[in-house]
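Structure assessment
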Amino acid sequence: EACNTFEGVWDSDKMQEVKRVMREYDALGSALSGSGPTVFGIFDSKAAAEKCAAALKKHCDEVMVCEPLNTGCEIED
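Treat the numbers as computed from the prediction; the structure is a model and nothing was measured. (Residues numbered from 1 in each chain as written. Predicted model: local features only at pLDDT ≥ 70, side-chain atom pairs only at ≥ 80, totals over all residues. Heavy atoms only, no water.)

Turning to the overall build of the protein, a few remarks are in order. Scanning the protein from terminus to terminus reveals three helices and two strands. In the protein, the succession of helices and strands from N to C terminus is α-α-β-β-α. Split into buried and exposed, the 77 residues of the protein put 25% on the buried side. A separation of at least 24 residues holds for 37% of the contacts in the protein among residues at least 6 apart in sequence. Total accessible area on the protein is roughly 6100 Å²; 50% of this is exposed by carbon and sulfur atoms. (Helix = DSSP H or I, 4+ residues; strand = E, 2+ residues; numbered from the N terminus. Buried < 20%, exposed > 50% of the residue type's maximum accessible area, 1.4 Å probe, protein only. Contact = heavy atoms within 4.5 Å. Areas by Shrake-Rupley, 256 points an atom, 1.4 Å probe, with all protein chains shown as cover.)

So, in structure tokens, the structure goes:
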């Protein structure tokens, strides 16, 4: 099983709360990104991700919903 070993070093109540909310909103998985402090979740639909993002805004300063592209990147305001 792949995991981010930094989660054991950087573990915090805030990170665990974000991951708990993501599980509550049916994330397929969630993990710490890189060496932190960003946590990401994977959802099976944009609608599910947006519902979770709305809930996370009560706990976090910044919440973003992203989706994969075939090539390159786009930034929307």
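That shown, we press on.
Before going further, it helps to spend a moment on helix α3 (residues 46-56). For α3, the full list of buried residues reads Ala48, Ala49, Cys52, Ala53, Ala55 and Leu56. An end-on view of α3 places all buried positions within 160° of arc, on one side of the element. On its buried side, α3 packs onto α2 (13-24). (Arc of directions from axis to C-beta.)

With that settled, the discussion passes to the pattern of salt bridges. Scanning the model with the defined rule gives three salt bridges in all. A salt bridge links Arg20 to Glu17, with the shortest nitrogen-to-oxygen separation between them at 2.7 Å. Taken together, the residues Arg20 and Glu17, both in helix α2 and three residues apart, mark about one turn of the helix. On the basis of relative accessibility, which here comes to 34%, the residue Arg20 falls in the partly exposed class. Classification of Glu17 by relative accessible area gives partly exposed; the value is 25%. As a salt-bridge pair, Glu24 and Arg20 come within 2.6 Å of each other at their nearest N and O atoms. One end of the pair, Glu24, and the other, Arg20, are both in helix α2, four residues apart, so they sit about a helical turn from each other. (Salt bridge = Lys/Arg side-chain N within 4 Å of Asp/Glu carboxyl O.)

Once that is clear, we can look at unusual backbone geometry. Despite not being glycine, Asp26 has its phi angle at roughly 65°, a positive value. Owing to a relative accessible area of 59%, Asp26 belongs among the exposed residues under this scheme.

This part covers the confidence of the model for the protein. One rule of thumb: low pLDDT means the predicted coordinates there are not for detailed reading. Scored by pLDDT, the protein comes out at a mean of 83, with 83% of its residues at no less than 70. By mean pLDDT, helix α1 (residues 6-10) is the weakest element of the protein at 61, and α3 is the strongest at 96. (pLDDT = per-residue confidence, 0-100.)

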